[in-house]
Amino acid sequence: MYVQRLIEFADHHEEKFPPIGYKRKDIQWVVDVEPTGLLVSPVKNLSLIVPDIGRSSNIKPILLADKPDYVFGFSANQKDQERAKERQLAFINLLKEYVAEVEDEDVKFLIHYLEMGTNIEEKFSSGDFIVFRVNDEEYLHEKSSVINFWGKYVSQDAGVESDLTCMFCHERRPILKRHSINFLIGKERTKMISANENAYESYGLKKSKIAPTCFECEQKYGKALEYLLNKYKDRKLVGGPHMYSLGGVTYVYWLRNGEQLNGSFSTFISPKDKQSISDMRLLLDQVFKGVTIDQKVNNFCLLVLSANKARLIVREYVEESIGRIKERIEKFFDAQDVGQGRYYGIYTLASTMYKKASTQMEKYAIEEWMGWFLYGRPLSARVLLPVLRRIQAEGAMYPKYGAVIKSWLVSQKDNCDTGDPIIDLVCLRFKHD
């Protein structure tokens, strides 16, 4: 279901995503194709959406946007010089393949100068990226003819095999052998669909065939999740417009229709120390401003992710009404009010269970509070009991402890059967009062 929702998001927001086979990269060099030859110039702080392809040790050139060894046969290591020449030949052959399909005079000039063996004496680094430009303003990789050619080229190179019915678009198409898009979850690069052990395989289907996916659907869900996982460029801000990571768990959220939330949940989850409940209520109104609040439509999507050994773990996926989500967050505020006029973030509330939260906190602690925050799920006894022990050990009742206890009691109003007789008695008394 969640993959289909990601594909749906991509269909509703086509303007947010690069063309098929393109990706944003930092560019270090621009080569101007001029009548007299090639002018190579270093650039700083230039980021462009350029052609891209997955490659490991194989020779795979990228059309009109590649590294110095592919473009100029450059290698800082003499031992790799021969391989660099092979890569440059592959790069030129790809340009010729493009020109054979599209009459592009600018690229013909480029091929001519590269085959002449133009002597470029620049201090390249092996990881630099180079793009090409004409008339000081038009980048060759941005031409519509290049975009169309590259989209077809990468789809053919994607490792598709026999036709099967794609489980997402339900059309019979060539199916990917391996999915190409990686997602950074925490510090690990992961894939959504893969099977590299016998235990993951079924009915003789191996690798990505366990979940037959066509190239177009893979590109759509992949680009959508990449976009939703983007963090704020300003490092002072935590999380991103559609994501927040806490305690080793990444939460990704979006609305199913065209409209999206005006702000991030990160301020609710991990607020500044001096923000009050009234500040949070104002922020809540701003975040949901302009969003259609309908209790009958499950238009809020939440995908909960973590990673283990380069494997993506989907911990939970939920669809809910944005109206009910807003009501529950308001209830989350009210439950914390112990007369101090301030609000605690989820991390602070969860940390009350531990003497040293930075090293002791477990994933379930965050998930308990996120469940109460977004879905009104009752907090379990394993949240309350450690806090009571902390109060006993410290011999003091701090406001944040009071906020935790009151939140726990409020969450139990419709659930007074925890299995602990003392807690259940307190809960029932609180409910009747």
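Student: Requested: an account of the pattern of salt bridges, with residues and values cited.
Tutor: Throughout the structure, instances matching the rule amount to 25 salt bridges. Ionic pairing is found between E103 and K108, a salt bridge with its closest N-O pair at 2.6 Å. Residue classification places E103 among the exposed residues on the basis of a relative accessible area of 61%. Residue K108 is classed as partly exposed on the basis of its relative accessible area of 29%. One salt bridge in this structure joins K326 and D285, with 3.9 Å as the shortest N-O distance. Residue K326 is found in helix 9 (residues 322-336), and its partner D285 is found in helix 8 (residues 277-287); the two are separated by 41 residues along the sequence. Take K326: its relative accessible area is 17%, and that puts it in the buried class. When its relative accessible area of 43% is taken as the criterion, D285 is described as partly exposed. What you see here is one network of salt bridges that share partners, running through D11, E171, R173, E216 and K220.

Student: Hey, could you go over unusual backbone geometry for me, with residue numbers and the actual values?
Tutor: Positioned with a positive phi, L64 is a non-glycine residue whose angle comes to about 60°. Tracing the backbone shows L64 in the loop between strand 2 (37-51) and strand 3 (65-66). A positive phi is found at N135, a non-glycine position, where the angle reads about 55°. Overall, N135 belongs to the exposed group, its relative accessible area being 62%.

Student: Can you explain the nonpolar core? Please cite residues and give values.
Tutor: Among the nonpolar cores identified, the biggest contains 57 residues, and F265, F268, F300, W369 and F373 are the most heavily contacted of them. When residues no more than four places from it in sequence are discounted, the contact partners of F268 are M280, L283, L284, V287, F333, Y343, G345, I346 and F373. Listed in part, the 37 residues of the second largest apolar core include L38, V40, I53 and V134.

Student: Can you lay out the packing of aromatic side chains for me, pointing to particular residues and giving the numbers?
Tutor: Across all of its chains, the model carries 19 aromatic pairs by this definition. A ring pair is formed by F74 and F124, whose centres lie 5.4 Å apart and whose planes are at 70°; its orientation type is edge-to-face. Taken together, the residues span a long stretch of sequence, with F74 in the loop between helix 2 (68-72) and helix 3 (81-101) and F124 in the loop between helix 4 (105-116) and strand 4 (130-134) at a distance of 50 residues. For F74, a relative accessible area of 24% translates into the label partly exposed. Judged by its relative accessible area of 9%, F124 is buried.

Student: Run through the sheet that holds strand 10 (residues 243-246), naming residues and quoting values.
Tutor: Ordered by their spatial adjacency, four strands build an open sheet running 10-11-12-13, and the pairing between neighbours is antiparallel. Both edges of this open sheet fall to strand 10 and strand 13 (311-320), since each of them pairs with a single strand only. For this sheet, the mean inter-axis angle between neighbouring strands, taken without regard to orientation, is 20°. Where helix 6 (residues 215-228) meets the sheet, its contacts fall on strand 10, strand 11 (249-255) and strand 12 (300-308), and the angle it forms with strand 11 comes to roughly 110°. Its contacts with the sheet place helix 9 against strand 11, strand 12 and strand 13, and it is angled at close to 95° to strand 13.

Basis of the calculations
Residues numbered from 1 in each chain as written. Predicted model: local features only at pLDDT ≥ 70, side-chain atom pairs only at ≥ 80, totals over all residues. Heavy atoms only, no water. Salt bridge = Lys/Arg side-chain N within 4 Å of Asp/Glu carboxyl O. Buried < 20%, exposed > 50% of the residue type's maximum accessible area, 1.4 Å probe, protein only. Helix = DSSP H or I, 4+ residues; strand = E, 2+ residues; numbered from the N terminus. Core = buried A, V, L, I, M, F, W, Y, C linked by side-chain atoms within 4.5 Å. Contact = heavy atoms within 4.5 Å. Phe/Tyr/Trp six-rings, centres within 6.5 Å; stacked < 30°, edge-to-face > 60°. Pairing = 2+ DSSP bridges. Axes fitted to C-alpha atoms, helices over the stretch in contact; angles between N-to-C directions.

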